[in-house]
Amino acid sequence: MKALNTSVKYSVRKKGFSFLPLYLFTLLLISCSVSYKFNGASIDYTKTKTIQISDFPIRSSYVWGPMGPMFNNQLKDEFANHTRLEQVRRDGDLKIEGEITQYQQRNKSVSAEGYSAQTELSMTVNVRFTNNTNHKEDFERQFTASATYETTRSLNSVQEELVTQMVKDLCEQIFNATVANW
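Residues numbered from 1 in each chain as written. Predicted model: local features only at pLDDT ≥ 70, side-chain atom pairs only at ≥ 80, totals over all residues. Heavy atoms only, no water.

**Brief notes about the overall build of the protein**
- When its secondary structure is counted, the protein shows 3 helices and 5 strands.
- The secondary structure elements of the protein, listed N-terminal to C-terminal, are α-β-α-β-β-β-β-α.
- Within the protein, the fraction of its 182 residues that count as buried is 32%.
- Intrachain contacts of the protein at a sequence separation of at least 6 include 70% that bridge at least 24 residues.
- Carbon and sulfur atoms form 53% of the exposed surface of the protein, whose accessible area is close to 12100 Å². (Helix = DSSP H or I, 4+ residues; strand = E, 2+ residues; numbered from the N terminus. Buried < 20%, exposed > 50% of the residue type's maximum accessible area, 1.4 Å probe, protein only. Contact = heavy atoms within 4.5 Å. Areas by Shrake-Rupley, 256 points an atom, 1.4 Å probe, with all protein chains shown as cover.)

**Focus on the sheet that holds strand E3 (residues 94-110)**
- If you trace the 5 strands from one edge of the open sheet to the other, you get E2-E1-E3-E4-E5, paired in mixed fashion. Of all the strands in the sheet, the pair left with one neighbour each is strand E2 (86-87) and strand E5 (139-150).
- Where strand E4 (residues 116-131) and E5 come together, 12 bridges link them in antiparallel fashion. From the neighbouring strand, Arg 128 faces E5, where its bridge partner is Glu 140. (Pairing = 2+ DSSP bridges.)

**Remarks on the pattern of salt bridges**
- This model, assessed by the stated rule, comprises 7 salt bridges.
- Glu 97 is the partner of Lys 95 in a salt bridge, and the nearest nitrogen-oxygen pair spans 4.0 Å.
- Residue class for Lys 95 comes out partly exposed when judged on its relative accessible area of 25%.
- When its relative accessible area of 24% is taken as the criterion, Glu 97 is described as partly exposed.
- In this structure, Lys 168 and Glu 172 form a salt bridge, with 2.7 Å as the shortest nitrogen-oxygen distance. In this pair, Lys 168 and Glu 172 are both assigned in helix H3 (residues 155-180), 4 residues apart and thus about one turn of the helix distant.
- Among the residues examined, Lys 168 registers a relative accessible area of 44% and is labelled partly exposed. (Salt bridge = Lys/Arg side-chain N within 4 Å of Asp/Glu carboxyl O.)

Okay, structure coming up:
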């Protein structure tokens, strides 16, 4: 009988011991308080409440008509979806303005036969950022995004998809440079 009790106690201790790491890990998670903003923005909302985003005119010699409105809408949406800043028409705590300065395509690679195999489409915007709560963060900078397509396809067949992709990339770059402090 004594041998049976010993094996039962050993069995209970062994099982209890296997739950100890799980219990400690759970306790650690509950007691720790980690604060991370998944949108990447590091804005002091007590000082910064508004943002003014001007429409970017197209100043490029080569133009695809829909890219201006696509860029302007995406840039405003980026800040509306990832911050609590109120968008205003003038006198914003933050101000973003600029222009689309370049939209071009160039040969990226050549096939064995000597013909263009891939074409790179690129878009560049010039951005002027003003932080009226901290002018040390003001800047004027150019941002560029590019996308590649097979030359066997026509630009007309891929242009909307590629411009959408480049606009998204540009808006993320601008967001990160202005309010994410990356």
